[in-house]
Amino acid sequence: MLVETMVVGFVQTNCYLAWNEATKEGFLVDPGDNAPLILDTVRRLGVQVKLIFLTHSHFDHIMALAEVAAATGAKVAIHESEAAEIAAPSPATLRALGLPALQIKPAPADILLKEGDTLPCAGETLKILHTPGHTTGSVCIDTGKLLFSGDTLFEDDCGRCDLPGGDYSVMLSSLRRLAALPGDRVVYPGHSVSTTLARERQVNGDMLRALRSAQ
Ligand SMILES: [Zn+2]
Ligand SMILES: [Zn+2]
């Protein structure tokens, strides 16, 4: 599985294109902004996008969703508890951040995700881990080798928990759960650089706190 990272929008959100080298079938994670860049990349690499995953519904992960979904014909997948938010984006998070309201085109979900779902795509079995804490419906997408962690797990950090729907104690439970995944993963977070699960288990202060608080 190959992964192309596109940094999009004014809070530098990572949009990922992941695909199978042989079949060219793939999926996108978090088309946060800059639909022309995302669509050019899909075309340049010749990928057939089957699914668009949203790790959560914050504006910086969904602003190009409607345009990218329409252009690719891919099915849109988000946790069931945040589907209403992409069908009718609300200004609550923007307001909490002190930002002006943005016009975000609505894009209804085709697939409502829940904990433990598995979706076949690009020759992989994609497993959905419901990891609330940053938002109530945050998910990670796990291939067993790669983990698309949204704003749950970052390099040396985790997502903020002070926005509507956020809860740090719930975040700690989610981080504990990610730490307990067997073996290693390359982690592709919603912001900043990619890392590995093995490294984060060693040095991530929030993950270490989560592990300590379980004892
Ligand atoms: Zn977020
Ligand atoms: Zn974000």
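As a reminder, the structure under discussion sits directly above these lines.
So, how was this worked out
Numbers given to residues run from 1 along each chain, matching the order in which its sequence is written. The naming scheme follows written order: chains are lettered A onward, ligands numbered 1 onward. With the structure being a predicted model, the display of local features is reserved for residues of pLDDT at least 70 and the display and counting of side-chain atom pairs for 80 or more, all residues being used for whole-chain, interface and lining totals. Note that water and hydrogens are dropped before the side-chain values are worked out from all heavy atoms of the structure. Secondary structure elements are taken from DSSP: a helix is a run of H or I of four residues or more, a strand is a run of E of two residues or more, and numbering for both begins at the N terminus. The size measure is the radius of gyration over C-alpha atoms, and the globule rule it meets is 2.2 Å times the number of residues to the 0.38 power. Buried, partly exposed and exposed residues are distinguished by accessible area as a fraction of the type maximum, computed with a 1.4 Å probe on protein chains only: under 20%, between the cut-offs, and over 50%, respectively. Any pair of residues with heavy atoms lying within 4.5 Å of one another is described as a contacting pair. Salt bridge criterion: a side-chain nitrogen from Lys or Arg within 4 Å of a carboxyl oxygen from Asp or Glu. The rule for donors is simple: N, O or S, within 2.8 Å of the metal, or within 3.2 Å if the metal is Na, K or Ca. Water isn't counted, so a site may look like it is missing partners. Geometry is assigned from donor-metal-donor angles: four donors are tetrahedral when every angle falls between 85 and 135 degrees, four are square planar and six octahedral when opposite donors sit over 155 degrees apart with all other angles between 65 and 115, and any other arrangement is irregular. Every patch collects residues that have over 30% relative accessible area and no salt bridge, joining them within 9 Å if they carry like charges and within 5 Å if they are nonpolar side chains (Val, Leu, Ile, Met, Phe, Trp, Tyr). All accessible areas in this document rest on Shrake-Rupley with a 1.4 Å probe, and a residue is counted as covered only by the protein chains that are shown. Both site types are read off a 1 Å grid over the protein atoms alone. A 1.4 Å probe that fits but cannot get out defines a cavity, while an open set with protein on both sides within 12 Å along at least five of seven lines defines a pocket; lining residues have an atom within 4 Å of a point. Grid points are joined across faces, edges and corners, and a volume is the space filled by probe spheres set on the points. Charged residues are taken to be Asp, Glu, Lys and Arg, nonpolar residues to be Ala, Val, Leu, Ile, Met, Phe, Trp, Tyr, Cys and Pro, and polar residues to be all remaining types, Gly included.

**Here's the deal with the overall build of the chain**
Part 1 of the reasoning: The secondary structure content of the chain amounts to eight helices and 14 strands.
Part 2 of the reasoning: For 215 residues, the compact-globule formula gives about 17 Å, and the C-alpha radius of gyration of the chain, at 16 Å, lands near that figure.
Part 3 of the reasoning: Burial statistics for the chain: of 215 residues in total, 50% are counted as buried.
Part 4 of the reasoning: Partitioning the intrachain contacts of the chain with sequence separation of at least 6 by distance along the chain shows that 59% fall at a separation of at least 24.

**Brief notes about the pattern of salt bridges**
Part 1 of the reasoning: Counted under the stated rule, the structure contains eight salt bridges.
Part 2 of the reasoning: Asp156 is the partner of Arg199 in a salt bridge, and the nearest nitrogen-oxygen pair spans 3.0 Å. Here Arg199 is found in helix H7 (residues 197–203), whereas its partner Asp156 is found in the loop between strand S11 (153–154) and strand S12 (157–158), with 43 residues between them in sequence.
Part 3 of the reasoning: Its relative accessible area of 32% is what places Arg199 among the partly exposed residues.

**Some thoughts on the coordination of the zinc ion (ligand 1)**
Under perfect tetrahedral coordination by four donors, a metal shows angles of 109.5 degrees; under perfect octahedral coordination by six donors, it shows angles of 90 or 180 degrees.
Part 1 of the reasoning: Looking at the metal site, the zinc ion (ligand 1) is ligated by His56 (NE2), His58 (ND1), His134 (NE2) and Asp151 (OD), spaced 2.1 to 2.4 Å from it.
Part 2 of the reasoning: The coordination sphere of the zinc ion (ligand 1) comprises four donor atoms, whose angles at the metal cover 91 to 170°; the geometry is irregular.
Part 3 of the reasoning: Each donor residue of the zinc ion (ligand 1) belongs to the same chain, and together they define the spacing H-x1-H-x75-H-x16-D.
Part 4 of the reasoning: If you look at the zinc ion (ligand 1) and the zinc ion (ligand 2), they sit 3.4 Å from each other and are both ligated by Asp151. Taken together, the positions of His58 in the loop between strand S4 (48–53) and helix H2 (59–62) and Asp151 in the loop between strand S10 (146–150) and S11 put the pair 93 residues apart, joining distant regions of the chain.
Part 5 of the reasoning: Residue His58 is classed as buried on the basis of its relative accessible area of 5%.
Part 6 of the reasoning: What makes Asp151 buried here is its relative accessible area of 4%.

**Brief notes about the coordination of the zinc ion (ligand 2)**
Part 1 of the reasoning: Every protein donor of the zinc ion (ligand 2) is accounted for by Asp60 (OD), His61 (NE2), Asp151 (OD) and His191 (NE2), and the metal-donor separations fall at 2.1 to 2.3 Å.
Part 2 of the reasoning: Its four donor atoms give the zinc ion (ligand 2) angles of 88 to 163° at the centre, a pattern that matches the irregular case.
Part 3 of the reasoning: In primary-sequence terms, the residues that donate to the zinc ion (ligand 2) follow D-H-x89-D-x39-H.

**What to know about a nonpolar patch on the surface**
Part 1 of the reasoning: The grouping of Phe10, Val11 and Leu102 at the surface amounts to a nonpolar patch, some 250 Å² of accessible area in total.
Part 2 of the reasoning: By the element assignment, Leu102 lies in the loop between helix H5 (92–96) and strand S6 (111–113).

**Points about the layout of surface pockets**
Part 1 of the reasoning: Its volume calculated, the largest pocket comes out at about 230 Å³.
Part 2 of the reasoning: Listed by contribution, the elements that provide at least two residues to the lining of the largest pocket are H2 and H5.
Part 3 of the reasoning: A per-element tally of the lining of the largest pocket places H5 first, with three residues.
Part 4 of the reasoning: Partitioning the lining of the largest pocket into residue classes produces seven nonpolar, seven polar and two charged.
Part 5 of the reasoning: Roughly 170 Å³ of internal volume is contained in the second largest pocket.
Part 6 of the reasoning: Every residue lining the second largest pocket is counted, 14 residues in all, and those nearest its centre are Val11, Asp60, Leu97, Arg160 and His191.

**Let's talk about empty space enclosed by the protein**
Part 1 of the reasoning: Within this structure, the stated rule accounts for one cavity of 30 Å³ or more.
Part 2 of the reasoning: The volume enclosed by the largest cavity comes to roughly 30 Å³.
Part 3 of the reasoning: Residue composition of the lining of the largest cavity, by class: five nonpolar, four polar and two charged.

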